[in-house]
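# Reading the structure
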Amino acid sequence: MVQKLLDRVKELPSALHGSKVVDSILRPGSPMKAGYSDSPRNRSYVIMNNVLYHLHPVKVKRHGVRLSYTLCLGGLSFFLFILLTITGIFLMFYYAPTAEAAYQDIQELSTSVAFGSLVRNMHRWGAHFMVLTVFLHMSRVFYHGAYKAPREFNWVVGVVLLLLTLLLSFTGYLLPWDQLALWAVTVGTNMASFVPVFGSQVQFTLLGAVAVSADTLLRWYVLHVLFLPFIIVIFMAIHFWRVRKDGGISGPL
Amino acid sequence: MAELPEHLLRRSAEAKAKALGISVEEAMAQLKGEAPPTPAPTPAAAAPEPEAQSAAVATAAPEAAPETNGHAPVVGDPTKATSVRPVAPAVGGPEGVRTQRLLTVVKAKAIQQTKAEPQDKVNTWPHLMIVEFASLLAVTGVLIILSIILQAPLLEAANFNATPNPSKAPWYFLGLQELLSYFDPQIAGVSIPTIVGLLGFMAIPYVDKNPSNKPSDRKVAIFMYTFFLMGSAVLTIIGVLFRGPGFNFTYPWNDGIFFDDLKDWVPIGLGDGH
């Protein structure tokens, strides 16, 4: 009796693997599908029949596959954005963007929430990483001359993405509402007041007040978790789409 | 009659000239209707290649095909040549006689011209995906280890009445903050970031008209970008490490580091500047 049950359990993975339910979930050519074989046709299907993978073309230029050509910097920037979104959503559960609660929430997150400290650290260091990878990606593209025709406009989109990355990082800088956040943002936004003619208006719009205050915290929180991610996703979509339409990876040199 | 494109006309004329043994210009003129059709060519003139002739005959005059009966056509036969020559549509021709007109002889090659050269390509799966997956895992691993070792900074709660000295921007803006101590804020805080940083960078592809992407052809561009890269790195490092209270110069090995983002990065012994 028990032996029979154990045998059933042993057969379970293979029974599941070919079952109709699992089969319906996986599209043709999925390497996880029962009976997948390595063939040129299936290699194409892996890319074509997967919603995430089909950002890629089925085939890429041979030199573009070498790690030393791109260092994966563009892909890593995108991956870090996803990682920051996931860790950021986790942080949102424990954070209220008010001057009274914000600092306290961050402290409690670090001390009394399971994995809270780890996730906050990952979010912070990941954000620094992303600024770095986006900047290095831009440098890589420059040194390869990959901004030249027909890719001129995608370079412009990329500069916008760098700006948005900096803004995302900078808006997030304020949210812990500690001395570091408050005064770094004060220094940063003081520069906005030197904009010719509209200086004080620009600064007021950024801060929601004449100086950094509780209103600034709410404003930057909304920018950080909603507005800027929304905008950057649109620009990323254009960026990735144009990479394909402009002929894929540039080069070879 | 609709105007035929020049290149089609030319091709037609070439075929015709070949079939009839006349010059291309003559055939062209005939096709354009500028000169009367030449009379039946003399045997000497009409010595086309056999296969061209037979193809033309087969296309032009199916009625004549039984006569040839699979044999090679008689070269220079005036009647054959006449049947091949374009004939005006027989409006009032005898009953039961159909004449057909040779429009063109199309050479046996693709009509569409392929412009893209075949490239050396490999399948994305698995060749690219494996590289991406490995680098993704590596970065995740480094990030998790870093996040376990290094605590993200959290200073005292925000206090509007206690300005820390120095107050520093995040590291990616510290190069700009450093510039602020050399130039007027209008220049360092506004003009340089928007005009040079944003608009200048966006304009790069439109300013750099050099089509080559070979490093040896782009020495000026590479020099300028590297200069920018080194310049911003130097300014940022000065801003992070060599600026102390009042944003005055300090040496990190004497006075410690005045940069709170680096609070937990500093090796024991260097201490922190507060």
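Computed from a predicted structure; not experimentally measured.

## Side note on the overall build of chain B
For chain B, the count of helices and strands is 10 helices and one strand. For chain B, the sequential pattern of α-helices and β-strands runs α-α-α-α-α-β-α-α-α-α-α. The burial tally for chain B puts 33% of its 274 residues in the buried class. Taking the contacts inside chain B whose residues are at least 6 apart along the sequence as the reference set, 48% of them involve residues at least 24 apart.

## As for helix α9 (residues 152-174) of chain A
When the terminal C-alpha atoms of α9 of chain A are compared, their 35 Å separation across 23 residues agrees well with the 33 Å that a helix rising 1.5 Å per residue should span. Across the 23 residues that make up α9 of chain A, a large majority, 19, are buried.

## Let's talk about the packing of aromatic side chains
The geometry of an aromatic ring pair is captured by the separation of the ring centres together with the interplanar angle, meaning the angle of the planes. Scanning all chains against the criterion turns up 22 aromatic pairs over all chains. Ring centres of F135 of chain A and F228 of chain B lie 6.4 Å apart, and the angle between their planes is 45°; this geometry places the pair in the tilted category. Linking F135 of chain A in helix α8 (residues 116-143) with F228 of chain B in helix α9 (residues 219-241), this pair reaches from one chain into another. F135 of chain A sits in the partly exposed class, given a relative accessible area of 25%. Residue classification places F228 of chain B among the partly exposed residues on the basis of a relative accessible area of 30%. Centroid distance F201 of chain B to Y225 of chain B: 6.2 Å. Interplanar angle 70°. Geometry classified as edge-to-face. Taken together, the positions of F201 of chain B in helix α8 (residues 185-207) and Y225 of chain B in helix α9 put the pair 24 residues apart, joining distant regions of the chain. As far as the burial class goes, F201 of chain B and Y225 of chain B line up, both buried. Ring pairs connect the aromatic residues F135, F142, Y143, Y147 and W155 of chain A together with F201, Y225 and F228 of chain B, which therefore count as one cluster. The cationic tip of R243 of chain B hangs over the ring face of F249 of chain B; the distance from NZ or CZ to the ring centre is 4.0 Å.

## Looking at the pattern of salt bridges
Residues and elements named next belong to chain A. Counted according to the given criterion, the structure contains eight salt bridges over all chains. Salt-bridge contacts for K33 lead to D23; the nearest nitrogen and oxygen are separated by 3.3 Å. One end of the pair, K33, is in the loop between α2 (20-25) and α3 (40-48); the other, D23, is in helix α2, with 10 residues separating them in the sequence. Under the relative-accessibility criterion, K33 is labelled buried at 18%.

## Comments concerning the nonpolar core
Of all hydrophobic cores here, the largest spans 44 residues; its most connected members are F142, W155 and I232 of chain A together with F201 of chain B. When residues no more than four places from it in sequence are discounted, the contact partners of W155 of chain A are M138, V141, F142 and Y147 of chain A together with F201, M202, I204 and P205 of chain B. Counting 30 residues, the second-largest nonpolar core is a separate cluster that includes V131, L180 and V187 of chain A together with L155 of chain B.

## Notes on the environment of L228 of chain A
All names here are of chain A. Mapped onto the secondary structure, L228 falls in helix α12 (residues 214-245). When the C-alpha atoms of L228 and T171 are compared, they prove to be 9.3 Å apart, with 57 residues separating the residues in sequence. Residues within four places of L228 in sequence aside, it is in contact with L164, L167, L168, T171 and L223.

## What to know about the interface of chain A and chain B
Contact with chain A, which involves 76 residues of that partner, is made by 74 residues of chain B. Both faces combined, the contact of chain A with chain B buries some 7,100 Å², and carbon together with sulfur accounts for 70% of it. Between chain A and chain B we count three salt bridges in total. For D120 of chain B, the salt bridge is made with R62 of chain A, and the minimal N-O distance between the two is 2.8 Å. Going through the elements one at a time, α3, β1 (59-61), α4 (62-65), α6 (73-92), α7 (102-112), α8, α9 and α10 (179-192) of chain A are the ones with two or more residues in the side of chain A that touches chain B. Its residues assigned to classes, the side of chain A that touches chain B comprises 51 nonpolar, 16 polar and nine charged. By the bridge criterion, three bridges tie β1 of chain A to strand β1 (residues 121-123) of chain B in an arrangement that is antiparallel. Residue pairing in the sheet places K61 of chain A in a bridge with K121 of chain B of β1 of chain B.

## Looking at the confidence of the model for chain A
Reading predicted coordinates in detail is not appropriate for stretches of low pLDDT. Summarising the model, chain A shows a mean pLDDT of 92, and 100% of its residues fall at 70 or more. Averaged pLDDT values over the elements of chain A bottom out at 84 in helix α1 (residues 2-17) of chain A and peak at 97 in α6 of chain A.

## Quick notes on helix α1 (residues 6-20) of chain B
Residue and element names in this part refer to chain B. The end-to-end C-alpha distance of α1 is 21 Å, a good match for the 21 Å that 15 residues give at a rise of 1.5 Å each. Where α1 is concerned, the buried positions are L9, S12, A13, A15, K16, A17, A19 and L20. Once α1 finishes, G21 follows within two positions and takes phi at roughly 75°, a positive value.

## Focus: unusual backbone geometry
All names here are of chain A. The step from G251 to P252 runs through a cis peptide bond, and the omega angle for that step is 5°. By the element assignment, P252 lies in the segment after α12. For C72, which is not a glycine, the phi torsion comes out positive at approximately 60°. Along the polypeptide, C72 turns up in the loop between α5 (67-70) and α6. C72 sits in the buried class, given a relative accessible area of 9%. Unlike most non-glycine residues, W177 shows phi in positive territory, near 60°. Checked against the element boundaries, W177 lands in the loop between α9 and α10.

Rules used throughout
- All residue numbers refer to position in the chain's written sequence, counted from 1.
- Chains carry letters and ligands carry numbers; both start at the beginning, A for chains and 1 for ligands, and go up in the order they are written.
- Whole-chain, interface and lining totals are the exception, using all residues; otherwise, since this is a predicted model, local features are given only for residues with pLDDT of at least 70 and side-chain atom pairs are given and counted only at 80 or more.
- To get the side-chain values, take all heavy atoms of the structure and skip hydrogens and water.
- Numbered from the N terminus, helices here are DSSP runs of H or I no shorter than four residues, and strands are runs of E no shorter than two.
- Burial here depends on accessible area, computed with a 1.4 Å probe over protein chains only, as a share of the maximum for the residue type. Under 20% is buried, over 50% is exposed, and the range in between is partly exposed.
- What makes two residues a contact is simply this: any of their non-hydrogen atoms within 4.5 Å.
- Here the expected length of a helix is defined as 1.5 Å per residue gap, with one fewer gap than residues.
- Only Phe, Tyr and Trp rings are paired, with Trp represented by its six-membered ring, and only when their centres lie within 6.5 Å; those with planes under 30 degrees apart are stacked, over 60 edge-to-face, the remainder tilted.
- For a Lys NZ or an Arg CZ to count as sitting over a ring, it must be within 6 Å of the ring centre and within 35 degrees of the ring normal.
- Every case where a carboxyl oxygen of Asp or Glu lies within 4 Å of a side-chain nitrogen of Lys or Arg is listed as a salt bridge.
- As used here, the term nonpolar core means buried Ala, Val, Leu, Ile, Met, Phe, Trp, Tyr and Cys residues forming a set that is joined through side-chain atoms within 4.5 Å.
- Values labelled buried area give the accessible surface lost by two parts on being combined, using a 1.4 Å probe and summing over both.
- Side-chain classes are defined by residue name, with Ala, Val, Leu, Ile, Met, Phe, Trp, Tyr, Cys and Pro counting as nonpolar, Asp, Glu, Lys and Arg as charged, and the others, Gly among them, as polar.
- Two strands make a pair as long as DSSP finds a minimum of two bridges between them.
- What pLDDT conveys is the predictor's confidence in a given residue, as a value from 0 to 100.

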